[in-house]
Amino acid sequence: MGGSRYLEIAEALRRSIARDEYPVGARLPSESDLAARWSVSRGTVRQAVGLLASEGLIGSRQGARRVVLRQERRHSFQQLNSFAQWAQAMGCEAAGRILSRTARPATAEEATRLGVAPGSEVLYVLRLRWLDGEPVMVERTAYTDWVAPAVQALPEDCVSIMNSIAENAGIVAHYGEHLIDAVAAGSEDARLLRVRRGSPLLRQRHLTYTAAGRPIEWTDDRYRAGSVAFSVTNSAAAAPLERHAGPDVGAQNGRPV
């Protein structure tokens, strides 16, 4: 058995939970039953269920059969949805609080991403987001100067900034670009998300545009581990990886091979 065996078992259990084979509140089979099902040791099963417990999918109490706490929260990039829209679709309650709003010169990266001159003024917003009463994400956003007044006018507990500025100011996001990586929690992230400093966080940075291609915001979102899973669906329909041989490829002595 390779060291990755427990990861395979954890993924199989994730899929079962997502398909409602083990609905919220249900108990997983015992470690002995799971070990017999996959022909592994109880120690391997313990690693698998421990991983799911660390993600918040199942209860963490040892010495008893684990209880399913929630389904995996998957965020798809097929549509451009706000955090609040995604949470609502998942059946979760979203909340947010703006912790600070500061007008300041754009950093070099912000200026490049937003397509403004270096030193141009942007509105920098620090915000904390909750799902079902649990802090899950720290949001740091730079808004361009033409968007700033609409954001400044919003209440601190605004549930969705993007929805609000669309309704109140006609500023509508039509498409975005996303960068995803992992970072360690700094002091501020750790305090806000109630994790230890240095804990792994899933970071999503994205740039949002209007239909005319005008940048709206450049955002750095940092999620607590286990709070969200990003889902990307693709296919070979667009054929970016399809190989087409040219007329001279593979030809030898005037004949194709």
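Structure first, text after, so check above.
Analysis parameters
Residues numbered from 1 in each chain as written. Predicted model: local features only at pLDDT ≥ 70, side-chain atom pairs only at ≥ 80, totals over all residues. Heavy atoms only, no water. Buried < 20%, exposed > 50% of the residue type's maximum accessible area, 1.4 Å probe, protein only. Helix = DSSP H or I, 4+ residues; strand = E, 2+ residues; numbered from the N terminus. Pairing = 2+ DSSP bridges. Arc of directions from axis to C-beta. Axes fitted to C-alpha atoms, helices over the stretch in contact; angles between N-to-C directions. Contact = heavy atoms within 4.5 Å. Phe/Tyr/Trp six-rings, centres within 6.5 Å; stacked < 30°, edge-to-face > 60°. Lys NZ or Arg CZ within 6 Å of the ring centre and 35° of its normal. Polar contact = N/O pair within 3.5 Å; in protein donor to acceptor, adjacent residues only side chain to side chain.

J.: I'd love a proper account of the pairing of strand E7 (residues 215–224), names of residues and values included.
T.: Sheet faces and side chains relate simply in a regular strand, where the side chains alternate between the two faces. Buried residues dominate E7, accounting for 10 of its 10 residues. Looking at chain direction, strand E4 (residues 134–143) and E7 are connected through 7 bridges and run antiparallel. Paired with Tyr143 across the bridge in E7 is Glu217. The pairing of strand E6 (residues 200–209) with E7 spans 9 bridges and is classified as antiparallel. Opposite Thr208, over in E7, you have Glu217 as the bridge partner.

J.: Provide a residue-level description of helix H2 (residues 31–38), including the pertinent values.
T.: Listed as buried for H2 are Glu31, Leu34, Ala35 and Trp38. Seen end-on, H2 carries its buried residues on one side only, within an arc spanning 100°. Looking one or two residues beyond H2, the residue adopting positive phi is Ser39, at roughly 55°.

J.: Can you explain the sheet that holds strand E5 (residues 175–184)? Please cite residues and give values.
T.: The 6 strands are arranged E2-E3-E4-E7-E6-E5 in an open sheet whose pairing can be described as antiparallel. Both outer strands of the open sheet, strand E2 (94–105) and E5, are each paired with one neighbouring strand and no more. Strand-to-strand twist of the sheet, defined as the mean angle between neighbouring strand axes without regard to direction, takes the value 15°. The strands touched by helix H7 (residues 161–169) are E2, strand E3 (121–131), E4, E6 and E7; relative to E7, the strand with the most contacts, the crossing angle is about 155°.

J.: Run through the packing of aromatic side chains, naming residues and quoting values.
T.: Throughout the structure, instances matching the rule amount to 1 aromatic pair. The ring centre of Trp146 lies 4.0 Å from the NZ or CZ of Arg214, which sits over that ring.

J.: I'd like a description of the side chain of Glu110, backed by residues and values.
T.: Summarising the element assignment, Glu110 is placed in helix H5 (residues 108–114). Judged by relative accessible area, which is 8%, Glu110 ranks as buried. Polar side-chain contacts of Glu110 include one of 2.9 Å to the side chain of Arg104. Side-chain polar atoms of Glu110 contact the backbone nitrogen of Thr107, separated by 3.0 Å. If we skip the residues at most four places from it in the chain, Glu110 touches Arg104, Pro105, Val122, Tyr124, Ala142 and Trp218.

J.: How would you summarise the environment of Glu177 if you had to cite specific residues and measurements?
T.: By the element assignment, Glu177 lies in strand E5. You can call Glu177 partly exposed: its relative accessible area is 44%. Measuring from C-alpha to C-alpha, the distance between Glu177 and Arg205 comes to 8.3 Å, with 28 residues separating the pair along the chain. Ignoring any residue separated from it by four or fewer positions in sequence, one finds Glu177 in contact with Arg205, His206, Leu207 and Tyr209. Among the polar contacts listed, one links the side chain of Glu177 to the side chain of Tyr209, at a separation of 3.4 Å.

J.: Provide a residue-level description of the pairing of E3, including the pertinent values.
T.: Across the 11 residues of E3, 8 count as buried, placing the element largely inside the fold. Across 11 bridges, the pairing between E2 and E3 is antiparallel. Each bridged residue has a counterpart across the sheet, and for Ala94 the counterpart in E3 is Leu131. Of the pairings in the sheet, the one linking E3 to E4 comprises 9 bridges and is antiparallel in character. Paired with Leu128 across the bridge in E4 is Val138.

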